[in-house]
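Tertiary structure, described
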Amino acid sequence: MAGQSDSHLSLFSPEEVEFMAEDELVEIVPNLRMDSLNFICGDYGPFYPQIATQVPFWLAVALKKRGKCTIRPPQWMSIENLTQVLEGERDSHAFQPLPFHYVEISRLLFDHAREDIPDIYMVRSLVEDIRDVRFHKVETNLEKFTASTVTWKNMSAMEVNIIRAFSGRALQAFYKHENEQVMPDTDRTQDRQPQIPTIRPKRNLKPR
Amino acid sequence: MATGSGEESTSAIMDDYETLISTTDVELLKRAWRNEKAAPEILQYESSLVQRIKEQIELAEQNVEMFEADSIDPLTVSLYQMDLDRTQFLLRSYLRVRLQKIEEYLFHILKTDEYLNRLSKQEQMFARRCTDDLGNHLDETVLSKLPDNYQSILKQSITSEEDDMVPVPRLDTFIICKAKQYLSSIDFEPEYSTEITEMERDLLTFVCYKFIKRPLEKGKIDLV
């Protein structure tokens with residue numbers, strides 16, 4: 001059902017994150033001849049056998065499922081690159097640059113394009129290790145949040161989605177306590193409901 | 001899918017140029033859908049975009065029917081159908097998220113002109129009918145049975161000064177966003193200039209929604 005991802009409006013379900021990842025371009029090698037496809041989202045093709053071409057992921061997976069092409073894994077998914085990234089992740093506190101949708105893309109490739117990835121078990125275990133190390137870093141960084149704007153370099157879509165709800169509420173709580181806009185006693189009882197009428201007159205408390 | 005190599009400035013210029021010439025309607029709809037989903041209040045209705053997408057969808061539906069009638073290779077037909085389905089999903093989800101927000105903040109939207117103007121004609125009709133129905137329902141079931149001073153939908157009691165039974169969108173929720181270009185303090189509202197002074201391009205930022213409201217309306221920021 002469109003839009004029914006979660007009871008709360010602003011959360012994206014994992015399927016929706018994958019939906020957005022499926023628009024990324026990937027290289028395929030078709031094994032058939034087909035005319036250009038004029039989609040609403042763009043024009044692709046024409047397709048000639050053994051000539052590589054770039055298409056969106058959902059199209060690549062559809063063709064792959066019907067046995068009409070092979071998918072070339074993207075550059076960043078080579079064993080050398082992933083080993084480098086993993087070492088970088090372990091050595092430093094920052095995140096290594098990775099494509100925004102690397103989790104979804106690697107998942108899609110593992111599910112649908114097993115034969116097209118050389119040394120798939122090695123690649124898979126590398127990607128999982130990278131995910132673990134990065135998520136561990138996310139957790140440790142969460143402890144260092146402060147009230148105002150937080151910036152984060154190189155986080156990927158799935159990681160953002162996982163901590164979105166929690167970090168939103170946490171930052172909001174920080175902000176509220178720092179600015180003391182609402183009167184403290186009424187605030188406590190009304191905190192249980194998500195929508196609070198915020199038109200109360202502000203009372204300035206003594207500055208700390 | 002860039003992996004961080006190449007010059008910073010030339011790639012930035014190329015990015016802007018490429019986005020200018022190649023942003024399809026589907027890309028724009030996806031961006032509008034994402035922004036709408038992440039924002040706590042309802043955003044401006046993209047009437048021309050929705051109109052164009054509707055026309056393209058109708059055209060695509062006719063194409064698919066034609067292909068089936070001409071018995072074109074079923075693979076091609078199914079691929080066109082998939083593209084159609086994806087676009088329809090985006091459009092439906094966009095409209096659905098807006099309807100959910102309207103239902104949640106029904107009375108507030110109708111009271112505030114700023115929000116009312118962000119709705120399309122059909123959404124305004126929907127909102128009015130919804131308030132009538134909801135009002136009647138609440139009156140019949142509950143409000144008429146309450147003591148006299150407490151019978152209003154909008155106020156807790158006659159003694160309330162404001163409409164305090166009306167939920168209001170919380171603009172101080174924190175959202176995650178990315179700026180499409182470097183933003184300096186002139187892009188933000190002056191009253192927030194102590195809180196936020198700049199935003200770098202393409203850096204994930206967790207920020208209070210109300211600070212970035214203005215650049216969001218101008219299209220300089222994307223919610224993630």
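Only a predicted model underlies this, so the values are computations on that prediction, with no experimental measurement involved.

With respect to the overall build of chain B
- The helix and strand tally for chain B stands at eight helices and three strands.
- Of the regular secondary structure in chain B, the N- to C-terminal order runs α-α-α-α-α-α-α-β-β-α-β.
- Nonlocal contacts in chain B, meaning residues at least 24 apart in sequence, comprise 64% of its contacts between residues at least 6 apart.
- As displayed, chain B has an accessible area near 12200 Å², and 51% of this comes from carbon and sulfur atoms.

Digging into the packing of helix α2 (residues 25-38) of chain B against helix α4 (residues 74-104) of chain B
All names here are of chain B.
- Running from N to C, α2 and α4 cross one another at 30°; their axes reach a closest spacing of 9 Å. Here α2 lies roughly parallel to α4, going by the angle between them. For the crossing formed where α2 meets α4, the hand is left-handed. Contacts from Val26, Leu29, Lys30, Ala32, Trp33, Glu36 and Lys37 of α2 reach α4 at Thr87, Phe89, Leu90, Leu91, Ser93, Tyr94, Val97, Arg98 and Lys101.
- Class assignment for the residues of the contact of α2 with α4 results in nine nonpolar, two polar and five charged.

Some thoughts on the nonpolar core
- Of all hydrophobic cores here, the largest spans 67 residues; its most connected members are Ile28(A), Phe39(A), Leu59(A) and Leu79(B).
- Per-element accounting of this core gives the leading share, eight residues, to α4(B).
- Once you skip the residues sitting within four places of it in the chain, Ile28(A) turns out to touch Phe47(A), Ile51(A), Ala52(A), Thr53(A), Val55(A), Ala60(A), Leu63(A), Cys69(A), Thr70(A), Ile71(A) and Arg72(A).
- Core analysis: the next-biggest nonpolar cluster, separate from the first, contains 34 residues, Phe95(A), Val150(A), Ile176(B) and Val207(B) among them.

Focus: empty space enclosed by the protein
- Under the criterion given, the structure shown has one cavity of 30 Å³ or more.
- The space that makes up the largest cavity amounts to roughly 50 Å³.
- Lining the largest cavity, in full, are Phe19(A), Asp23(A), Cys41(A), Val26(B), Asp83(B), Arg86(B), Thr87(B) and Leu90(B).
- With four residues, the single largest contributor to the lining of the largest cavity is α4(B).

Considerations on the packing of aromatic side chains
- As enumerated under the stated definition, the model contains twelve aromatic pairs over all chains in all.
- Relative to Phe211(B), the ring of Tyr175(A) has its centre 6.0 Å away and its plane inclined at 75°; by these criteria the two rings are edge-to-face. Within this pair, whereas Tyr175(A) is found in helix α6 (residues 157-179), its partner Phe211(B) is found in the loop between β2 (204-208) and α8 (213-217), the two belonging to separate chains. Each member of the pair, Tyr175(A) together with Phe211(B), is buried.
- Taken together, the ring pairs connect Phe39(A), Tyr44(A), Trp58(A), Phe67(B) and Tyr80(B) into an aromatic cluster.
- A cation over an aromatic ring shows up here: Lys37(B) above the ring of Phe12(A), its NZ or CZ 5.2 Å from the ring centre.

Here we look at the UniProt feature "domain: GINS subunit" (unreviewed entry) in chain B
- UniProt records the feature "domain: GINS subunit" (unreviewed entry) for residues 71-134 of chain B in the present numbering.
- The span residues 71-134 of chain B is 86% helical and 0% strand by assignment, and the distance between its end C-alpha atoms comes to 50 Å.

Details of the interface of chain A and chain B
- Taken together, the contact between chain A and chain B spans 58 residues of the former and 54 residues of the latter.
- Carbon and sulfur atoms make up 66% of the area that chain A and chain B hide from each other, which totals about 5400 Å².
- A salt bridge links Asp23(A) to Arg86(B); the shortest N-O distance between them is 3.1 Å.
- Viewed at the interface, chain B and chain A are joined by ten residue pairs in polar contact (both at pLDDT 80 or more).
- For the side of chain A that touches chain B, the secondary-structure elements that each account for two or more residues are α1 (14-21), β2 (37-39), α2 (57-65), β6 (150-152) and α6 of chain A.

Reading the values: the criteria
- Residues numbered from 1 in each chain as written.
- Chains lettered and ligands numbered in written order.
- Predicted model: local features only at pLDDT ≥ 70, side-chain atom pairs only at ≥ 80, totals over all residues.
- Heavy atoms only, no water.
- Helix = DSSP H or I, 4+ residues; strand = E, 2+ residues; numbered from the N terminus.
- Contact = heavy atoms within 4.5 Å.
- Areas by Shrake-Rupley, 256 points an atom, 1.4 Å probe, with all protein chains shown as cover.
- Axes fitted to C-alpha atoms, helices over the stretch in contact; angles between N-to-C directions.
- Parallel < 35°, antiparallel > 145°, perpendicular 65-115°, else oblique.
- Left-handed = near helix turned anticlockwise from the far one by under 90°.
- Nonpolar A, V, L, I, M, F, W, Y, C, P; charged D, E, K, R; others polar.
- Core = buried A, V, L, I, M, F, W, Y, C linked by side-chain atoms within 4.5 Å.
- Buried < 20%, exposed > 50% of the residue type's maximum accessible area, 1.4 Å probe, protein only.
- 1 Å grid on protein atoms, 1.4 Å probe; cavity = no way out; pocket = protein on both sides within 12 Å on 5 of 7 lines; lining within 4 Å.
- Points joined across faces, edges and corners; volume = space filled by probe spheres on them.
- Phe/Tyr/Trp six-rings, centres within 6.5 Å; stacked < 30°, edge-to-face > 60°.
- Lys NZ or Arg CZ within 6 Å of the ring centre and 35° of its normal.
- UniProt positions renumbered as here; feature names shortened; annotations may be inferred.
- Buried area = accessible area lost by both parts, 1.4 Å probe.
- Salt bridge = Lys/Arg side-chain N within 4 Å of Asp/Glu carboxyl O.
- Polar contact = N/O pair within 3.5 Å; in protein donor to acceptor, adjacent residues only side chain to side chain.

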